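# Tertiary structure, described
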4 protein chains.
Amino acid sequence: MSKVVLAYSGSLDTTICLHWLRTVKGMRVYTFSANVGQPEHLEPLSERALALGAVSAHIADLRDRFAWDFILPCIRAGTVYEQGYHLSSALSRPLIIQELVDLAQEEGCAMIAHGSRGLGNDSIRFRNCVRALAPDLQIIAPLHELGHDAPEDDLEYARAHDLPVESVRQTLFNIEENLWGANIQFRGADPWATPPRETYRMTLPPENTPDTPTGLEIGFEKGIPVSLDGKPHAPVSLIQSLNRLGGAHGVGRADMIENRITGRKTREIYEAPAAEILAAAHRALENLVLERALLHFQEMVRIRYADLVYEGHWFTLLRESLDAFFARTQECVTGTVQCRLFRGRADVARVESTFSRLAQRDTTMIRMPPSFPRDLTAFHL
Amino acid sequence: MSKVVLAYSGSLDTTICLHWLRTVKGMRVYTFSANVGQPEHLEPLSERALALGAVSAHIADLRDRFAWDFILPCIRAGTVYEQGYHLSSALSRPLIIQELVDLAQEEGCAMIAHGSRGLGNDSIRFRNCVRALAPDLQIIAPLHELGHDAPEDDLEYARAHDLPVESVRQTLFNIEENLWGANIQFRGADPWATPPRETYRMTLPPENTPDTPTGLEIGFEKGIPVSLDGKPHAPVSLIQSLNRLGGAHGVGRADMIENRITGRKTREIYEAPAAEILAAAHRALENLVLERALLHFQEMVRIRYADLVYEGHWFTLLRESLDAFFARTQECVTGTVQCRLFRGRADVARVESTFSRLAQRDTTMIRMPPSFPRDLTAFHL
Amino acid sequence: MSKVVLAYSGSLDTTICLHWLRTVKGMRVYTFSANVGQPEHLEPLSERALALGAVSAHIADLRDRFAWDFILPCIRAGTVYEQGYHLSSALSRPLIIQELVDLAQEEGCAMIAHGSRGLGNDSIRFRNCVRALAPDLQIIAPLHELGHDAPEDDLEYARAHDLPVESVRQTLFNIEENLWGANIQFRGADPWATPPRETYRMTLPPENTPDTPTGLEIGFEKGIPVSLDGKPHAPVSLIQSLNRLGGAHGVGRADMIENRITGRKTREIYEAPAAEILAAAHRALENLVLERALLHFQEMVRIRYADLVYEGHWFTLLRESLDAFFARTQECVTGTVQCRLFRGRADVARVESTFSRLAQRDTTMIRMPPSFPRDLTAFHL
Amino acid sequence: MSKVVLAYSGSLDTTICLHWLRTVKGMRVYTFSANVGQPEHLEPLSERALALGAVSAHIADLRDRFAWDFILPCIRAGTVYEQGYHLSSALSRPLIIQELVDLAQEEGCAMIAHGSRGLGNDSIRFRNCVRALAPDLQIIAPLHELGHDAPEDDLEYARAHDLPVESVRQTLFNIEENLWGANIQFRGADPWATPPRETYRMTLPPENTPDTPTGLEIGFEKGIPVSLDGKPHAPVSLIQSLNRLGGAHGVGRADMIENRITGRKTREIYEAPAAEILAAAHRALENLVLERALLHFQEMVRIRYADLVYEGHWFTLLRESLDAFFARTQECVTGTVQCRLFRGRADVARVESTFSRLAQRDTTMIRMPPSFPRDLTAFHL
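Residues numbered from 1 in each chain as written. Chains lettered and ligands numbered in written order. Predicted model: local features only at pLDDT ≥ 70, side-chain atom pairs only at ≥ 80, totals over all residues. Heavy atoms only, no water.

## Here we look at the pattern of salt bridges
Per the counting criterion, the structure on display carries 96 salt bridges over all chains. Between C:Arg283 and C:Glu299 there is a salt bridge; the shortest N-O distance is 3.8 Å. You can see C:Arg283 sitting in helix H9 (residues 273-289) and its partner C:Glu299 sitting in helix H10 (residues 292-310), a full 16 residues away along the chain. For C:Glu299, a relative accessible area of 14% translates into the label buried. Through salt bridges with shared partners, a single network forms among A:Arg76, A:Arg319, A:Glu320, A:Asp323, D:Arg328 and D:Glu331. (Salt bridge = Lys/Arg side-chain N within 4 Å of Asp/Glu carboxyl O. Helix = DSSP H or I, 4+ residues; strand = E, 2+ residues; numbered from the N terminus. Buried < 20%, exposed > 50% of the residue type's maximum accessible area, 1.4 Å probe, protein only.)

## A closer look at the side chain of A:Thr266
All names here are of chain A. Note on placement: Thr266 falls in strand S12 (residues 265-271). Within the structure, the side chain of Thr266 is placed 3.2 Å from the side chain of Arg260, a separation counted as a polar contact. One polar contact links Thr266 to Glu268, side chain to side chain, over a distance of 3.0 Å. (Polar contact = N/O pair within 3.5 Å; in protein donor to acceptor, adjacent residues only side chain to side chain.)

## So, the sheet that holds strand S6 (residues 173-178) of chain A
Residue and element names in this part refer to chain A. One open sheet holds the four strands; their spatial order is S6-S7-S12-S11, and the pairing between them is antiparallel. At either end of the open sheet lies a strand with only one pairing partner, and these are S6 and strand S11 (253-259). In this sheet, neighbouring strand axes are inclined to one another by 25 degrees on average, regardless of whether the strands run parallel or antiparallel. Both S6 and strand S7 (residues 181-186) contribute to a ladder of six bridges, which runs antiparallel. Each residue of the ladder has a partner; that of Asn178, found in S7, is Gly181. (Pairing = 2+ DSSP bridges. Axes fitted to C-alpha atoms, helices over the stretch in contact; angles between N-to-C directions.)

## Points about the packing of aromatic side chains
Residues and elements named next belong to chain A. One pass over the full model with this rule turns up 29 aromatic pairs over all chains. Aromatic side chains Tyr305 and Phe326 sit 5.9 Å apart centroid to centroid with 85 degrees between the ring planes, which places their arrangement in the edge-to-face category. With a gap of 21 residues between them, Tyr305 in helix H10 (residues 292-310) and Phe326 in helix H11 (residues 317-329) connect regions that are remote in the sequence. Of the two residues examined, Tyr305 and Phe326, each falls in the buried class. (Phe/Tyr/Trp six-rings, centres within 6.5 Å; stacked < 30°, edge-to-face > 60°.)

## What about the pairing of strand S2 (residues 28-35) of chain C?
Residues and elements named next belong to chain C. Counting buried positions along S2 yields seven of eight residues, so the element is predominantly enclosed. Sheet analysis places strand S1 (residues 3-7) next to S2, joined by five bridges and oriented parallel. Looking across to S2, one finds that Lys3 is bridged to Arg28. Between the parallel pair S1 and S2, the chain is carried across by helix H1 (residues 12-24), and the sense of this crossover is right-handed. Handedness of the crossover joining S2 and strand S3 (residues 56-61) through helix H2 (residues 43-51): right-handed. (Right-handed = clockwise from strand over helix to strand, strands pointing away.)

Below, the structure written as structure tokens:
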């Protein structure tokens, strides 16, 4: 009997995957569910997966790793996809897939399954990450095998096989939320319909926000936010606080036509209060301390970086090398940024750094000796 | 007696230039003053220049050319310098310099003078443009020759030579305004001081704006805005209307550390309501109709374009060639964009175009035959 | 009975396609064969296709269009893929596919077939071009449907169906030649094996070339080569002459690891004497007449252009827009270049142009008025 | 009496500088002369400088540092300026200037002097490097102060002050040679004159090279050449060997129109046998082991890197950050490359690496865990 790891969220579609893999294909299924900061509770998933016949059900709290290993590098790199999307879902994919691959290798599974349909962003990201980490693992997309094109197909399958259908999905908007933001994907006939107010989960509409601004101060160290209003914060806690503060002022909404990996266009609505505030603050600090030529060149690099993340090319030498580039540029991106949240905007009011170049006269240079590692090849000589 | 064309704004510094060129250097001075949409009245300048000894005083209304030949290409190219500055002053320089050069050639002047000091943005732009248009023209910077470093030196010269000093300049903020935006340059000791409310001329503070949003619809044709709320508008009129509408909602403020051409950093505050609204609308329309690969490549091109404009490299083959590139990309950037102005934001609510790719499935391509000009070399054959 | 257009070269694989489409699938097959400068005679193909049951057999001499519409833009853009491949095969694909699509539309065919296997460069280019030109056309790859992975499968099919097998393909090297170059693709076990001398068709080995150099002079007009040694030449004739002259001196060989569209690496050997000479001459002329900033920016653009061509993205707005860019940069790339062919090298000995900037002192500028098309929107106003 | 450090090569122009600084300006002059691999003997310089009145005369053998800290990073980055110049002189400038600055600081000099004239490459590089390393040091260019525009002015000064004029400079070609290559700068009336044979010092003309090729094998470790024909070599020894071997086969000549920093164009002739061989070998190895997306992106980065080096922006955070990028991309650029030198060409015949991707099917990915430094901010938490 062959063994498969399944990315299991408890939704109807991954429930169908689990059922199909076990009963139709007769496989031993190991489910994996990750906490990346979504509001849903994961605890019941374990029981449900086992009830549906899973061999074992794994649940992991990945919030810390999500923040440290995936979100922070993007803050440092100032990465935004198509000038509006802070990559919340895209960034969680390589993390989850890496865990799935690890589990597959531990349990000796030759296969790995996910609940995406067709040739969309997620199935491409899945393939790119798995190929990079474990090229011999076979990828299965049960909904694709079943020929399910739409939620209606799922409902029919659930009825036919007596699967629990807790809540019928919203038909017009498909919402995905994690620590770094929410993604409201539109499905209706009029691509420009106004989503109902309750669609937004992280932000108030700017009309309903307080009449007085909120000021806050973010401390950065080497390009990474480390404190809020003078108090040190671990990344997860800092992001959660900024989501709360920014959301209350309607900060971080984006509503845009986005280009998928395949070139297909969709309307996407995003909420990302913390990401929006941190991006504005980080940029203002960079402008204060980095030389002009570097700032202008960086613009091109961050566009490429955003594409890599969006396309699921996280586990590439190119992404690693761009991170090495940014790690170096950020060595003096240390200081504090005062922001002002008001009516959907996060404006910067004051930036301070011991590395400030504001007083310098006319040089674009810095003082540092070349530092090529001599000992690299020394053992040869 | 040698002849010189002077860029004359009526300000104290250009008044000193005129006086110095005529009395100290004994030159025949032809003044030129341009209307590029600034609020000051130009009519009195002619009389004043002649009273100060100018041979002749030219005044030209360049607003139409400014909009058609300089602002529209930048809208089309989606150009913003360091993600905040819509290049209002920088864009007016090549236009004015081209007129100065034309006048110099008509009047047989071998010299051309301006009121900038030192090696700043404006003197570099002046040199770059003059070298491109008329490399044999000699450039004179009287304030530099006089060793004037600050407005205080000007005041002393004015007193010593009994020159009219209408109004003492603001000492903390130096404001320059034209059709495309206002530039408030900071001079004080605390680089992060809050400018007094009256410093802002084009926009209300978001706190004081109406409680209800204003909706508007902009029509674009080949990347160029041509109508407002269904009514055709010439560019100048369209921009003036959007400045008024946007300013009333506090749209278009930016407050940033900017990198000058020489690499020196300064804090700059900008107001550009029309520019901000048009940029958001144009981008949303492009996202609807342009293929992904083009949109992503364009990002790099527009960064280069902004640098060229900022640095005064307008009269270069590179800028011309980038314009040829954008002229082609914009051929299908035709449609309407509905915007919503509220509390300092210009949000896009709906975009429509006959060239929309929103319904297309998965291609990044368009249908068009190759169109290389065969007849180009035909006469040789 | 359904109708299909087949790209037919007379090779065993396209012969199998024809047989399979007609006998197994029972389709009405219209073959199309193009002369793009390959050495094989196309005349017999018509008879053979009809003998194999084709409804009609079309043969077209596309050499002129190949040169004018595909090769010249690449010369102008200075395009080389991965610094070694002049894109000879890649460039012929969109031309041939455009003809196939036209024929399909004339004959009312809903399908279009080609002889490539698997997910390689050619099948991706085919898909990209067909989707751009006629997204409703269905693409068929008979060898893929048949599960043929290697030439051995083809031979077996031929024997089983009594198809004529004129010459057994070379097993180690697969050669494709056209007007713009030859492509020797390696297949053996040792990826670094030295190909036998007769593998090379267009160039002599540098060891066997004459002891004395050959000098020649190429005239360019707006970036396009128009004359050889003072005599006007049409593009096809010029390229043929340079292939002959360069090949005799061993010019234009490249032997490299190349990255396919999918990222797979292969060793490829190229011969492209005319392309190599023209690239060196064109670059030297550009260096003489173009401003520094433009030359440096162009480097980035030409890398993107090469990728587009290599990937079969010819029929895109991005490629069209890059061509508009290059058309503008090349307006002063007019002059003559003297070259010297010797022992595998094409060196430039002298470059002359009325647009030479060699004597200019220190400006990167040119003199030209802005030329934004005012009449574009005039009819609105 | 003020103190000054002078870059002293023993040439007539730096001899004049020394004389002028000491006798006309009455300064205490400390000379510094560096061995960066030029053929001239430096030993006599010390005696001559002291005879001319220098307070002290320093001579340093910088060949090892030149190779390790400046040449190796450029090999690793694959940097070539305008596709022809391996940056030999440009690379030596930051090294020498860093030593001059160190000496100035040790000796308590507030000034630093060099023998360049006008606003050329070298004086710009000098200014850029000094400003980065010691912005308070004052730069003096005695020949500029003296108004010497040409060698004739120097000769006249030498006669007037009875300075030793050992050899009159060549008037048509000005040659500068170091470990990494020779630079023959043209001065005559016909910009395309053929230089006399003896102008070339490092390479034979391809016509006079042996009839049989020389094969050699270079070993690379992390992008850095470490062995020749299986024998470990320190960088200086490896480069010297390749200069000798390559020069005997006429490898490494370039003859081009080059764009100076200011945009001015000059004809330049280069000889760089080792640089040419190493660049070809390094590129071939990269093509074997690096993923496609990285190779293509790198093209853009290396163009920027070459510009930085050419312009004397070595001591910038941007250059440091690009080095961090390349240090990461090169981690698997380890292997051996067989080359074949013949008639002016260095062709690659075989490349081998344990990181070869030649056999991989279709992935552009590599397997590596994300490696963001967690401990960076750990102390805060």
